[in-house]
Amino acid sequence: MILINEASVEGRTISYAVNKAIIKTIKVENDEIIDCYDIYRQPSLNHPLLHNHTIQMRPSSYPKMMKYNSFGSLQLTQFWHKYGLCPKGTIPIRRKGKNYNPTLLRKHHYPTLSTSQQDNEGNHEYATIKVHGNFLGARAKINLWKPLTETPTEISVSQIWVSAGDEKNVNTIEAGWEVGQSIFGDDQTRFFLYWTTDDYVSTGCYNLLCEGFVHTSSNVALGCNFTELSTFQGNQKDATFSIYKDQNSGNWWIQLQGIPIGYYPGSLFTELSNTATEITWGGEITDEKSKGRHTSTQMGSGHFPSEGRLNISSYFNWVQVVDENNAIKDPQNVVKSVTNPNCYNLEIDDNHHNTNGYSFYYGGRGYNDKCQ
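Read on for an overview of the structure.

The rules we used
Residues numbered from 1 in each chain as written. Predicted model: local features only at pLDDT ≥ 70, side-chain atom pairs only at ≥ 80, totals over all residues. Heavy atoms only, no water. Salt bridge = Lys/Arg side-chain N within 4 Å of Asp/Glu carboxyl O. Helix = DSSP H or I, 4+ residues; strand = E, 2+ residues; numbered from the N terminus. Buried < 20%, exposed > 50% of the residue type's maximum accessible area, 1.4 Å probe, protein only. Core = buried A, V, L, I, M, F, W, Y, C linked by side-chain atoms within 4.5 Å. Contact = heavy atoms within 4.5 Å. Phe/Tyr/Trp six-rings, centres within 6.5 Å; stacked < 30°, edge-to-face > 60°. Lys NZ or Arg CZ within 6 Å of the ring centre and 35° of its normal.

1. Brief notes about the pattern of salt bridges
Scanning the model with the defined rule gives 13 salt bridges in all. Its salt-bridge partner being Glu150, residue Arg293 comes within 3.0 Å of it at the nearest N-O pair. Taken as a pair, Arg293 in the loop between strand 13 (276-287) and strand 14 (314-323) and Glu150 in the loop between strand 5 (122-143) and strand 6 (155-164) lie far apart in primary sequence, 143 residues in all. Residue Arg293 is classed as buried on the basis of its relative accessible area of 18%. If you follow the salt bridges from partner to partner, you end up with Glu32, Arg94, Asp186 and Arg190 in one network.

2. Details of the nonpolar core
Grouped together as the largest cluster of nonpolar side chains are 69 residues, with contacts concentrated most on Ile160, Phe191, Phe241, Tyr264, Ile279 and Trp281. Among the elements that line this core, the one with the most residues is strand 5, at eight residues. Beyond its immediate sequence surroundings of up to four residues, Ile160 is in contact with Ala138, Arg139, Ala140, Ile142, Ile173, Glu174, Ala175, Phe241, Ile243, Ile279, Thr280 and Trp281. Counting residues in each nonpolar core, the second largest holds ten residues, with Tyr126, Val157, Trp161 and Phe184 among its members.

3. Re the packing of aromatic side chains
In total, this model carries 18 aromatic pairs according to the counting rule given. Ring centres of Phe184 and Tyr206 lie 6.2 Å apart, and the angle between their planes is 70 degrees; on these two criteria the pair is classed as edge-to-face. Placement of Phe184 in helix 2 (residues 181-184) and of Tyr206 in the loop between strand 8 (190-196) and strand 9 (214-215) is noted, with a sequence separation of 22 residues between them. Given the relative accessible area of 6%, Phe184 is considered buried. Of the residues examined, Tyr206 reaches a relative accessible area of 1% and is grouped as buried. Taken together, a centroid distance of 5.3 Å and an interplanar angle of 75 degrees make the contact between Phe316 and Tyr362 edge-to-face. Of the two residues, Phe316 sits in strand 14 while Tyr362 sits in strand 18 (residues 359-363), which places them 46 residues apart along the sequence. For the pair formed by Phe316 and Tyr362, the shared burial category is buried. Of the aromatic side chains, those joined through ring pairs into one cluster are Phe184, Phe192, Tyr194, Tyr200 and Tyr206. Taking the ring centre of Tyr367 as reference, the NZ or CZ of Arg293 above it sits at 4.3 Å.

As structure tokens, then:
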């Protein structure tokens, strides 16, 4: 066990109780710190609904017909691996930074076609597809980029939403990648999760910033950046993100590149306690109009599908749902939702199903002659 003096770690403090749960600490560049917690003493187990929770170390069931050969072109490593690894029996937790401000971290409204929704992060714009029905999960292979954000408090996200409920009862589980300086402290492309049970009002959070997500992987840390990204007209990197419900435990598991990362216990949810009723895939940005015009924050690669597809625009490949019979299949009766096509757009790819499954290209640069 490594005991860290409270005053010695870059001005940040950790309590003695938390200190006892930390087996190893890894210092990364730019003051980033990874703490390796005893898996049985991880903070999420302090959630009131998880006091007597027995950790499920690995999924007990998987969706039928899941193709394990479609896990993307990314050799999964995270930047912190260069500085050390967490021992078996521990889980990596990225420590909150010096400038951590929880008031900036309430996420966003569930994607709709409305452009009038506004909160403390600004207006939200989307380029997504969605399906309705009864589902036990979803997945997709998502292209990895580093979009530019105009202000430190704007975000650019590419993700999957798995949800149920409506209005104030919306439950969501979300997984994907995000650039958000106010959340992560820099402009790197980072793996993230999010959840809520009341439409983002008072429950849920990013990653492990509150209790809820039970982490089981010792190799993958939430909120950490990817080591490989796509380049314009160059090499493309993508990763497969999966959210699905374990049929035996009722827990909602997250996988990245086929690696089980951990799960959201079914007991956390109300509307998602049975099945999801809506699945959404795509991009999202926030627009603060800080210069009195539309933001130039990019979505995806920052290029429209109309500028060119592969190597230029961002993509989602192998877009699939897990139906109520626990079988993976292509989405049906898809609804395309684009809030402002002059700023960001989406085009479904009908020509490469044999190689890429159900796919679409999406993204844009924001502010331009037609996007004011």
